[in-house]
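Tertiary structure, described
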Number of protein chains: 2
Amino acid sequence: MLSKDFHNVQLEPVAEDKGIRWVIGRPEGAPNFAMRVIEFQPGAVFETHQHPYEHEIMVIEGQGVAHGAEGEVEMRPGIALYIPPNEPHGYRNTGDGLLRFICVIPHQE
Amino acid sequence: MLSKDFHNVQLEPVAEDKGIRWVIGRPEGAPNFAMRVIEFQPGAVFETHQHPYEHEIMVIEGQGVAHGAEGEVEMRPGIALYIPPNEPHGYRNTGDGLLRFICVIPHQE
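Structure report, in brief. (Residues numbered from 1 in each chain as written. Chains lettered and ligands numbered in written order. Predicted model: local features only at pLDDT ≥ 70, side-chain atom pairs only at ≥ 80, totals over all residues. Heavy atoms only, no water.)

Section: the relation of the copies chain B and chain A
Here chain B sits on chain A after a turn of 180° about the axis and a move of 0.0 Å along it, with an RMSD of 0.0 Å. On this basis, the relationship between the two copies can be described by a two-fold rotation axis. Across chain B, the smallest distance between a C-alpha and the rotation axis is recorded for Ile60 of chain B, namely 3.7 Å. Counting the interface residues of chain B, we find that 100% of their copies in chain A are interface residues as well, pointing to one common contact surface. (Least-squares fit on C-alpha atoms with pLDDT ≥ 70 in both. Contact = heavy atoms within 4.5 Å.)

In structure tokens:
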């Protein structure tokens, strides 16, 4: 068993106002999927994008909005999102503090 | 995109003092892995067990202890655990409130 506090995992910048912590993945020996923590500073936006793999998300901190093919949904602690493969999607932080969510993806070759 | 508040997902009892919410899985169309929320009442214990699939865990509420092949580790919000396939492991709630953690597993045939 491997244990770590995600706060101690390096935040890799995606842009000046958002980043990603790879908490559990191939380096930890995980055979199938990776657990990341995604962080958006207040006002940060991730524009619409898509990719051939799914997301399984749980919001753990902050307030935001996610958008998918069928419109917008609220992001707040306790909200889980499933984003199917190839669905265009994006996020924005609409709160005064950090927006943090767990995002699990299958390993990519 | 599918959105839900995990609090609204039915808690399936595992015993009187612990249960599991299947938040995202096959019924939601997820092709590879399932995101569950596991809940332990104060004092609840899940004795040592093992299975051929891994766990990727994030604690979101409460205080507890997990044990694996090499001893005990603390569970508190922000702690991530990786439990490899076939490693004997268990959990107990050592706090005064609910212990809640996200636990992601690959789909089982």
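More follows now that the structure is in view.
A look at the sheet that holds strand S7 (residues 64–68) of chain B
Adjacent strands of a sheet pair through backbone hydrogen bonds, lying either parallel or antiparallel. All names here are of chain B. One open sheet holds the four strands; their spatial order is S5-S10-S7-S8, and the pairing between them is antiparallel. Among the strands making up the open sheet, the edge pair consists of strand S5 (45–49) and strand S8 (71–75). Neighbour-to-neighbour, the strand axes of this sheet turn through a mean angle of 20°, independent of strand direction. With three bridges joining them, S5 and strand S10 (residues 89–93) adopt antiparallel strand pairing. Its bridge partner being in S10, Phe46 is matched across the sheet by Tyr91. (Pairing = 2+ DSSP bridges. Helix = DSSP H or I, 4+ residues; strand = E, 2+ residues; numbered from the N terminus. Axes fitted to C-alpha atoms, helices over the stretch in contact; angles between N-to-C directions.)

Side note on the pairing of S10 of chain B
All names here are of chain B. In terms of residue burial, S10 counts as a mostly covered element, since four of its five residues are buried. Strand direction decides the pairing type here: S7 and S10, joined by four bridges, are antiparallel. If you follow Ala66 over to S10, its bridge partner there is Tyr91. (Buried < 20%, exposed > 50% of the residue type's maximum accessible area, 1.4 Å probe, protein only.)

The analysis is restricted to geometry; functional conclusions fall outside its scope.
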